[in-house]
Amino acid sequence: MSDLQKYISKRKNADNEFEDGFEEGYQAFKIGALLKQAREASGLTQEKIAEKLHTKKSAISRIENHAEDIKLSTLEKFVSVLGRKLEVSIR
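Being a predicted model, the structure only gives us computed values, none of them experimental. (Residues numbered from 1 in each chain as written. Predicted model: local features only at pLDDT ≥ 70, side-chain atom pairs only at ≥ 80, totals over all residues. Heavy atoms only, no water.)

Points about the overall build of the chain
Consideration 1: Of the regular secondary structure elements, the chain holds five helices and zero strands.
Consideration 2: Each helix and strand of the chain, ordered N terminal to C terminal, gives the series α-α-α-α-α.
Consideration 3: A compact globule built from 91 residues would reach a C-alpha radius of gyration of about 12 Å, whereas the chain, at 16 Å, exceeds it by more than 25%.
Consideration 4: Principal axes of the C-alpha set define a box for the chain whose edges measure 45 × 25 × 20 Å.
Consideration 5: By residue count, 23% of the 91 residues in the chain fall in the buried class.
Consideration 6: When the accessible surface of the chain is split by element, carbon and sulfur atoms take 49% of a total near 7200 Å². (Helix = DSSP H or I, 4+ residues; strand = E, 2+ residues; numbered from the N terminus. Rg over C-alpha atoms; globule rule 2.2 N^0.38 Å. Buried < 20%, exposed > 50% of the residue type's maximum accessible area, 1.4 Å probe, protein only. Areas by Shrake-Rupley, 256 points an atom, 1.4 Å probe, with all protein chains shown as cover.)

Written out as structure tokens, the structure is:
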């Protein structure tokens, strides 16, 4: 178990509020991180993505850093600009 995983486990056990909101917050972070990683792998800047989506760089930054309330249609547009396909699964 990594140090981060140990810390998260310890916090979850000690703090019910942390545990209650952790998964939701983590999923939002993960989506933004995946989008940023895909953008960087495609060799595109936030400015270039913004230009292709007819928006501002600040909007792209907000998506990558605060993806907790992003629309599915926005995700689809973002990944299509990267030449990728969005897949959604329910487990």
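Concerning the nonpolar core
Consideration 1: By size, the foremost hydrophobic cluster in this structure holds 11 residues: L35, A38, L44, I49, A50, I60, I63, L75, F78, V79 and L82.
Consideration 2: Counting residues per element, the ones that place at least two in this core are α2 (16-41), α3 (46-52), α4 (57-65) and α5 (72-81).
Consideration 3: Among the elements that make up this core, the one with the highest residue count is α5 (three residues).
Consideration 4: With residues up to four places along the chain from it excluded, the contact list for A38 reads L82 and R84. (Core = buried A, V, L, I, M, F, W, Y, C linked by side-chain atoms within 4.5 Å. Contact = heavy atoms within 4.5 Å.)

What to know about the UniProt feature "domain: HTH cro/C1-type" (unreviewed entry) in the chain
Consideration 1: The sites that carry the UniProt feature "domain: HTH cro/C1-type" (unreviewed entry) are, in the present numbering, residues 35-89.
Consideration 2: Measuring from the first to the last C-alpha atom of residues 35-89 gives 17 Å, for a span that is 60% helix and 0% strand. (UniProt positions renumbered as here; feature names shortened; annotations may be inferred.)

Regarding the confidence of the model for the chain
Consideration 1: When pLDDT is averaged along the chain, the result is 87, and 98% of the positions lie at 70 or above.
Consideration 2: Ranking the elements of the chain by mean pLDDT puts helix α1 (residues 3-14) last with 79 and α3 first with 97. (pLDDT = per-residue confidence, 0-100.)

Details of the side chain of Q46
Consideration 1: The residue Q46 is located in helix α3 in this model.
Consideration 2: Here Q46 falls in the buried class, since its relative accessible area comes to 12%.
Consideration 3: Setting aside anything within four residues of it in sequence, one finds Q46 in contact with R39, K57, I60, S61 and E64.

Here we look at unusual backbone geometry
Consideration 1: The backbone of H54 sits at a positive phi, close to 55°, despite the residue not being glycine.
Consideration 2: Here H54 lies in the loop between α3 and α4.

Details of the packing of α2 against α5
Consideration 1: Where α2 meets α5, the closest approach of the two axes is 10 Å, and the angle between their N-to-C directions is 20°. Between α2 and α5, the angle is such that the two are roughly parallel. For the pair α2 and α5, the sense of crossing is left-handed. On α5, the residues that touch I31, L35 and R39 of α2 are L75, F78 and V79.
Consideration 2: Looking at the contact of α2 with α5, its residues break down into five nonpolar, no polar and one charged. (Axes fitted to C-alpha atoms, helices over the stretch in contact; angles between N-to-C directions. Parallel < 35°, antiparallel > 145°, perpendicular 65-115°, else oblique. Left-handed = near helix turned anticlockwise from the far one by under 90°. Nonpolar A, V, L, I, M, F, W, Y, C, P; charged D, E, K, R; others polar.)

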